[in-house]
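Per-entry structural report
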Amino acid sequence: MRNQTLAVAQGVERTLCHLDVWPANLIDVGGRSVLLDWAFAGEGAVGEDISNLILDSFTGGLMDPDLLPEIAEGCVDGYLKGLRDGGWSGSEDAVRVAVGACGAAKFSWFGPAVLGRAVSNDVGSSAYSQDESAELVVKRGSGPGHAHRRLGTRLRITLGRYHGDLVAAVAAPVPG
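Just so we're clear, the structure is a prediction, and the values are computed from it rather than from any experiment.

Reading the values: rules and limits
Residues numbered from 1 in each chain as written. Predicted model: local features only at pLDDT ≥ 70, side-chain atom pairs only at ≥ 80, totals over all residues. Heavy atoms only, no water. Salt bridge = Lys/Arg side-chain N within 4 Å of Asp/Glu carboxyl O. Helix = DSSP H or I, 4+ residues; strand = E, 2+ residues; numbered from the N terminus. Buried < 20%, exposed > 50% of the residue type's maximum accessible area, 1.4 Å probe, protein only. Patch = residues over 30% accessible without salt bridge, like charges linked within 9 Å, V, L, I, M, F, W, Y side chains within 5 Å. Areas by Shrake-Rupley, 256 points an atom, 1.4 Å probe, with all protein chains shown as cover. Core = buried A, V, L, I, M, F, W, Y, C linked by side-chain atoms within 4.5 Å. Contact = heavy atoms within 4.5 Å. pLDDT = per-residue confidence, 0-100.

1. Concerning the pattern of salt bridges
- Counted by the stated rule, this structure contains five salt bridges.
- In this structure, Glu 73 engages Arg 96 in a salt bridge whose closest nitrogen and oxygen atoms are separated by 3.5 Å. Of this pair, Glu 73 sits in helix H3 (residues 68-85) while Arg 96 sits in helix H4 (residues 92-119), and the two are 23 residues apart along the sequence.
- Judged by relative accessible area, Arg 96 falls into the buried class, the value being 16%.
- Between Arg 84 and Glu 92 there is a salt bridge, with its nearest N and O atoms 2.4 Å apart.
- For Arg 84, a relative accessible area of 40% corresponds to the partly exposed category.
- A single network of salt bridges, built from pairs that share partners, joins Glu 73, Asp 77 and Arg 96.

2. Points about unusual backbone geometry
- Backbone geometry places Leu 19, a non-glycine residue, at a positive phi of 70°.
- Structurally, the position occupied by Leu 19 is in the loop between strand E1 (14-17) and strand E2 (26-29).
- With a phi angle near 60°, Asp 37 is a residue other than glycine that sits in the positive phi range.

3. Some details on a nonpolar patch on the surface
- Together, Ile 27, Val 29, Val 34 and Leu 36 make up an exposed nonpolar region whose accessible area comes to about 270 Å².
- With respect to the element layout, Val 34 can be found in strand E3 (residues 32-35).

4. Considering the nonpolar core
- In this structure, Ile 54, Leu 80, Leu 83 and Val 95 are the most contacted members of the largest nonpolar core, which totals 14 residues.
- Of all the secondary-structure elements, those providing two or more residues to this core are helix H2 (48-59), H3 and H4.
- A per-element tally of this core places H3 first, with five residues.
- Sequence-distant contacts of Leu 80, that is, excluding residues within four places in its chain, are made with Trp 88, Glu 92, Val 95 and Arg 96.
- Listed in part, the eight residues of the second largest apolar core include Ala 9, Ala 45, Ala 98 and Cys 102.

5. Looking at the confidence of the model for the chain
- Per-residue confidence for the chain gives a mean pLDDT of 74; residues scoring 70 or more make up 61%.
- In this model residues 138-149 is a low-confidence stretch, pLDDT under 50, and it forms 15 contacts with partners more than four residues away in sequence or in other chains.
- Segment residues 166-171: pLDDT under 50, and ten contacts once partners within four positions in sequence are set aside and those in other chains are kept.

6. Section: the environment of Val 95
- For Val 95, the position within the fold is in helix H4.
- Expressed as a C-alpha distance, the spacing of Val 95 and Val 76, which sit 19 residues apart in the sequence, is 8.6 Å.
- If near-sequence neighbours (up to four positions away) are discounted, Val 95 is found in contact with Val 46, Tyr 79, Leu 80, Leu 83 and Trp 88.

Below, the structure written as C-alpha cells:
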C-alpha cells in the first residue's frame, strides 16, 4: 500500500513547492504569514506543503492532537482558497487526495523513527528540544493524555477522511 500511496502522491498535479514548510519556517509580519527558508524549493505535489505543515505542527509536539481534525480542515480550506484566488481551477477533491497521500507517505515512517530513536536513546532535537532522553519521549507519549497515541489516532481519523478518494486513486492504474 505504501508504494501505491507514494505513486498517488507523485501522480497528482505538480506545482512549485517550498518543500520544507513547518512552523519554524513561518513568521507573522503585520498579520500576514511569511514563509522563510526557500533552500529546498522545487517541484512537488499540489497539497504537499500544507500536508507537511499540518503533520509537523503535531508530530513535533507543538499542538494538542485533539485539534488535528479542525486544524487540518482549516489549513486545507485556506490552501484551496489561496489556490482559487491565484487563478487555479483544478479539482478540490484531487487536492484533498494529494494532501492525504502526502500525509500518509510522510506518516508511514514516523512511528518506526520515533521507536528507533527511543530504543537507541537518541532523541536529537525531538519535539523542539522538549525531550532530553528517551525516557522523557516515552513519558510524554504515555503520560496523562497519551499524546503520541492520541496523535496517531487523530492522524488516522484525519487521513481517513481522505481515505475513500485515496483508495480509489490507489486502485486506479498508475500512469506511465
